[in-house]
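# Overview (structure and organization)
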Amino acid sequence: MLYPDTVEAEVLVHKPWFVATMFGVVFAIFLAFNLTSTSFGELMRPVIGEPSQSGLYGRFAIAFVIAFLFVLNVVLIGFASLRVQIAIVWFELLLLFLAFFATFHLSLPFIREKLPFLISQGVVTTLYVSAISIVIASLIAILGAVAKLSTNGFAYAIASFYTSFFRGLPLLMQVYLIYLGLPQLGFVVGAVPAGILALSLCYGAYMTEIFRSGIQSIDRGQWEASRSMGFGFSLTMRRIILPQALPVIIPPTGNQFISMLKDSSLVSVIGVWELMFLARTLGQKTFQHMEMLISASLIYWMLSICLELIQSRIERHYARSKVR
């Protein structure tokens, strides 16, 4: 790992060879596209004349100006501190995305009208389905990890078959198999329980390997020391092994939760009123699909950012002993 107080490096974006290379790459990319008919072409009208008749000269001038502005922007940002650099780049990328969304000519009154119901029903359903699923998946993962680390052949065989099967099938297929397959055996389940069960089993299989690797990362001497003190297996796991394994387990587990939050949209195919289901349904009535889909996309993004911040705080809490 690199630490700011131990590594000295020149600012890459201030090196002439990097600036020249960056300019050439950006210039070549934009020269390959004809941007004379865009809004930027209209802004360049005083230089290139009528955009539609400017030909190769117009494309060259537009590509040159864009490359120059891009390189100038990067070089100037390089003089700022790290926090300011991050803030500026995030702000600029957000403006680009907003400009991209503006090209769809979205109906803002329609979004304002539907957004409260999209949040109160869709977001709430998405969050509680994901939260319940991650708790169940974690319990399954602990049992699966212990089984895969045991010397019991039956336990290892069941755990390895489970992880192989549920990691080998697409999540959408698992949703269908559980929702449509269990009634064939006489177990009729609702859409929400079926979705939670599918998410739990699927992500439990992935998290089994995360927990297994986290437990295996603890030195064997910890087990031997606990055994010499008379600790049983469950007490050793609860008081010694898992607390030390958490810094290894939490980052990938947090990533799995964020992935589950987005993959919960797949349960919409069986009628669960989560965020994606409502976005599609509300947009179909008036054929305003993009308004609802973009709104749902931004909501998913905001939820993911919140989870990333929570995960970061938890990681810092459990990694305090490793901070230099």
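Located above this text is the structure these notes cover.
Report on the accompanying structure. These numbers were taken from a predicted model, which means no experiment stands behind them.

Once that is clear, we can look at helix 4 (residues 55–77). Spanning 23 residues, helix 4 covers 33 Å between terminal C-alpha atoms, matching the ideal 33 Å at 1.5 Å per step. Looking only at helix 4, the buried set comprises Gly58, Ala61, Ile62, Ala63, Ile66, Ala67, Val71, Val74, Val75 and Ile77. The inward-facing, buried residues of helix 4 contact helix 1 (16–31), helix 2 (39–43), helix 3 (45–48) and helix 5 (82–102).

As a further point, take a nonpolar patch on the surface. Together, Leu82, Ile86, Trp90, Phe91, Leu94, Leu95, Leu98, Leu298, Trp301 and Met302 give the surface a local cluster of nonpolar side chains, amounting to about 980 Å² of exposed area. Of all the secondary structure elements, the ones that give two or more residues to the nonpolar patch are helix 5 and helix 13 (289–318). The element that contributes the greatest number of residues to the nonpolar patch is helix 5, accounting for 7 residues. Within the element layout of this structure, Met302 appears in helix 13. Judged by its relative accessible area of 43%, Met302 is partly exposed.

Okay, the packing of aromatic side chains next. Applying the stated criterion across every chain yields a total of 13 aromatic pairs. Three or more aromatic residues joined by ring pairs form one cluster here, namely Phe23, Phe27, Phe60 and Phe64.

For the structure shown, the criterion picks out 5 salt bridges. Here Glu50 makes a salt bridge to Arg45, at a shortest N to O gap of 2.8 Å. Of the charged contacts, one joins Lys114 and Glu113 as a salt bridge, the two residues approaching to 3.9 Å between their closest N and O atoms. A relative accessible area of 21% means that Lys114 is categorised as partly exposed. Because the salt bridges share partners, they merge into one network encompassing Glu42, Arg45 and Glu50.

Reading guide: rules and limits
- Residues numbered from 1 in each chain as written.
- Predicted model: local features only at pLDDT ≥ 70, side-chain atom pairs only at ≥ 80, totals over all residues.
- Heavy atoms only, no water.
- Helix = DSSP H or I, 4+ residues; strand = E, 2+ residues; numbered from the N terminus.
- Expected span 1.5 Å × (residues − 1).
- Buried < 20%, exposed > 50% of the residue type's maximum accessible area, 1.4 Å probe, protein only.
- Contact = heavy atoms within 4.5 Å.
- Patch = residues over 30% accessible without salt bridge, like charges linked within 9 Å, V, L, I, M, F, W, Y side chains within 5 Å.
- Areas by Shrake-Rupley, 256 points an atom, 1.4 Å probe, with all protein chains shown as cover.
- Salt bridge = Lys/Arg side-chain N within 4 Å of Asp/Glu carboxyl O.
- Phe/Tyr/Trp six-rings, centres within 6.5 Å; stacked < 30°, edge-to-face > 60°.

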